[in-house]
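Residue strings, one per chain:
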Amino acid sequence: MKKIVTIQDVSCVGKCSLTVALPIISAMGIETAIIPTAVLSTHTMFNGFTFRDLTSDITSICEHWKKEKFQFDAIYTGYLGSFEQLDLMKALIKDFGGKNTLTIVDPCMADNGKLYPGFTQEFAFAMKDLCSKADVILPNMTEASFMLGIPYKANGYDLQYIKDLLKQLANTGSKKVVLKGIEFSEVQSEVGDVRGRIGIVAYDKESDTFSWYFHEKMNQCFHGTGDIFASVFTGAMVRGKNFKESYSLAANFVVESIKATLSHDDHNIYGVDFETAIPYLISNM
């Protein structure tokens, strides 16, 4: 059985981070090891949440794993809350990575033109350094802009602008880049007419090729969809799907999860009903 280790926080209520990654990757038939970086009573869209930092436990966990000679087919990092955790992830990649281990970094720190609370531009540059150790990185447009230190563009860009962003990101060291949340307001000659849709443009540095996938845009946003995307993408790559198949499946599963959520009249705003969509995921593996 394939094995993935994922490193991110645990929110006891609210579907994101490890409470998304663990069930999704496991449902894809992959053994899932975890390193929790913190425990929160809820995720951060709630007021008054409790927070316990587990940074001090990470080194001892990794030292025990090294003694046991554990190996993984992939390392997948999600939300990391401090500079120290970024440094610990570099050490983890050095100790458990290698040519037979896929390293995926989701630089989960910003959206809609803003950094999440508590993060700074300096943190974004430090995240870029962690991304340089990865085989694949999964930024959205906001995260890409902060890591490169350039102004965020919500719209009005063309395909060439996106290609330039992707090459700049790849030039920091990662082999493949998946850039999420792309929307074109004009017809693009290579992509076609995808106005009114949202999607992904990706770059493979080793083959110097671009690819893309655009899909239905849902009218409502939910917390945790980026974690769902990253988890499915990681599982699909480990299960042997190719690069484009993996990010396309991840995008489709997010859409199916949102549709499942909206089918409930009493749906809440703090999590996506990915559980109902899991049969879709399994059938498309």
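Here goes a summary of the coordinates provided. These numbers were taken from a predicted model, which means no experiment stands behind them.

## As for the nonpolar core
Phase 1 of the analysis: Core analysis: the largest hydrophobic core is formed by 52 residues, its most contacted members being Met-109, Met-127, Ile-162, Ile-182 and Phe-184.
Phase 2 of the analysis: Ranked by residues supplied to this core, first place goes to helix H6 (residues 159–170) with seven residues.
Phase 3 of the analysis: Leaving out residues up to four positions away in the same chain, Met-109 has contacts with Leu-115, Tyr-116, Phe-119, Phe-123, Ala-124, Met-127, Glu-143 and Met-147.
Phase 4 of the analysis: With 40 residues, the next largest nonpolar core counts Met-218, Val-232, Val-238 and Val-254 among its residues.

## Quick word on unusual backbone geometry
Phase 1 of the analysis: In this structure, Lys-69 takes a positive phi of about 60° despite not being glycine.
Phase 2 of the analysis: Mapping Lys-69 onto the fold places it in the loop between helix H2 (55–68) and strand E4 (74–77).
Phase 3 of the analysis: Judged by its relative accessible area of 67%, Lys-69 falls in the exposed class.
Phase 4 of the analysis: You will see that Asn-112, though not glycine, has its phi angle at about 50°, which is positive.
Phase 5 of the analysis: On the accessibility criterion, Asn-112 (63% relative accessible area) is exposed.

## Considerations on the pattern of salt bridges
Phase 1 of the analysis: Per the counting criterion, the structure on display carries 14 salt bridges.
Phase 2 of the analysis: In this structure, Asp-135 and Lys-175 form a salt bridge, with 3.2 Å as the shortest nitrogen-oxygen distance. With a gap of 40 residues between them, Asp-135 in the loop between helix H4 (121–131) and strand E8 (136–137) and Lys-175 in the loop between H6 and strand E9 (176–182) connect regions that are remote in the sequence.
Phase 3 of the analysis: Here Lys-259 and Glu-216 are joined by a salt bridge, their closest N and O atoms 3.1 Å apart. With Lys-259 in helix H8 (residues 243–262) and Glu-216 in strand E11 (residues 209–216), this residue pair connects regions lying 43 residues apart in the sequence.
Phase 4 of the analysis: With relative accessibility at 35%, the residue Lys-259 sits in the partly exposed group.
Phase 5 of the analysis: Exposure remark for Glu-216: the relative accessible area of 37% places this residue in the partly exposed category.
Phase 6 of the analysis: Among the charged side chains, a network of salt bridges with common partners joins Glu-63, Lys-66 and Asp-95.

About the cut-offs
Residues numbered from 1 in each chain as written. Predicted model: local features only at pLDDT ≥ 70, side-chain atom pairs only at ≥ 80, totals over all residues. Heavy atoms only, no water. Core = buried A, V, L, I, M, F, W, Y, C linked by side-chain atoms within 4.5 Å. Buried < 20%, exposed > 50% of the residue type's maximum accessible area, 1.4 Å probe, protein only. Helix = DSSP H or I, 4+ residues; strand = E, 2+ residues; numbered from the N terminus. Contact = heavy atoms within 4.5 Å. Salt bridge = Lys/Arg side-chain N within 4 Å of Asp/Glu carboxyl O.

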